[in-house]
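Observations on the model geometry
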Amino acid sequence: MSEPQITLTESAAKRVAWIAARQSKPAILRLAVDGGGCAGFTYKFELADAPDEEDSIAETDGVKLVVDPMSLDLVRGSAVDFVEDLGGASFKVTNPNAASGCGCGSSFSV
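The rules we used
- Residues numbered from 1 in each chain as written.
- Predicted model: local features only at pLDDT ≥ 70, side-chain atom pairs only at ≥ 80, totals over all residues.
- Heavy atoms only, no water.
- Salt bridge = Lys/Arg side-chain N within 4 Å of Asp/Glu carboxyl O.
- Helix = DSSP H or I, 4+ residues; strand = E, 2+ residues; numbered from the N terminus.
- Buried < 20%, exposed > 50% of the residue type's maximum accessible area, 1.4 Å probe, protein only.
- Contact = heavy atoms within 4.5 Å.
- Core = buried A, V, L, I, M, F, W, Y, C linked by side-chain atoms within 4.5 Å.

Opposite charge on two side chains permits them to pair, given that their charged atoms come into close proximity. A full pass over the atoms with the stated rule returns three salt bridges. One salt bridge in this structure joins Asp-55 and Arg-30, with 2.6 Å as the shortest N-O distance. In this pair, Asp-55 sits in the loop between β3 (40-47) and β4 (56-60) while Arg-30 sits in strand β2 (residues 28-36), placing the two residues 25 residues apart along the sequence. When sorted by exposure, Asp-55 lands in the same class as Arg-30, which is buried. Two residues, Arg-76 and Asp-73, come together in a salt bridge whose shortest N-O distance is 3.0 Å. Residue Arg-76 is classed as partly exposed on the basis of its relative accessible area of 36%. Under the relative-accessibility criterion, Asp-73 is labelled exposed at 54%. Overlapping salt bridges, with partners in common, bring together Arg-30, Asp-52 and Asp-55 in one network.

Structure follows, in structure tokens:
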């Protein structure tokens, strides 16, 4: 069995399911990487209606995480988590491909 290309933690899956239920949408979280941010690339999260044909899909507790092929090249091997701390609550990507990141954790460089 091959190692998953990207993973969704149980904490993140629970949060996506909660948000999707409140918005009456499927529990599908799309992760994309856009150019910009203080370190070069930024993570973008949104609920999706369905995976696209070429998406990579990770599933945890019935919740899907979908990533397009171009973004996957930059986040392969990453884990998407949901964290709550004194700074607030947010989805966090632990990306082994990131050479550096910014203080806010929402942008990175390779």
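The residue Ser-56 is located in strand β4 in this model. Residue Ser-56 is classed as buried on the basis of its relative accessible area of 16%. Each residue touching Ser-56, except ones within four places of it in the same chain, is listed here: Gln-5, Leu-65, Val-66, Val-67 and Leu-72.

We now examine the nonpolar core. By size, the foremost hydrophobic cluster in this structure holds 22 residues, and its most contacted members are Ile-6, Leu-31, Leu-65, Val-75 and Val-80. Counting residues per element, the ones that place at least two in this core are β1 (6-8), α1 (10-22), β2, β3, β5 (63-67), α2 (69-75), β6 (78-85) and β7 (88-94). Element by element, the count of residues in this core is highest for α1, at four residues. Discounting chain neighbours no more than four positions away, the residues touching Leu-31 are Ile-6, Tyr-43, Lys-44, Phe-45, Leu-65, Val-66, Val-67, Asp-68, Ser-71, Val-75, Val-80 and Val-93.

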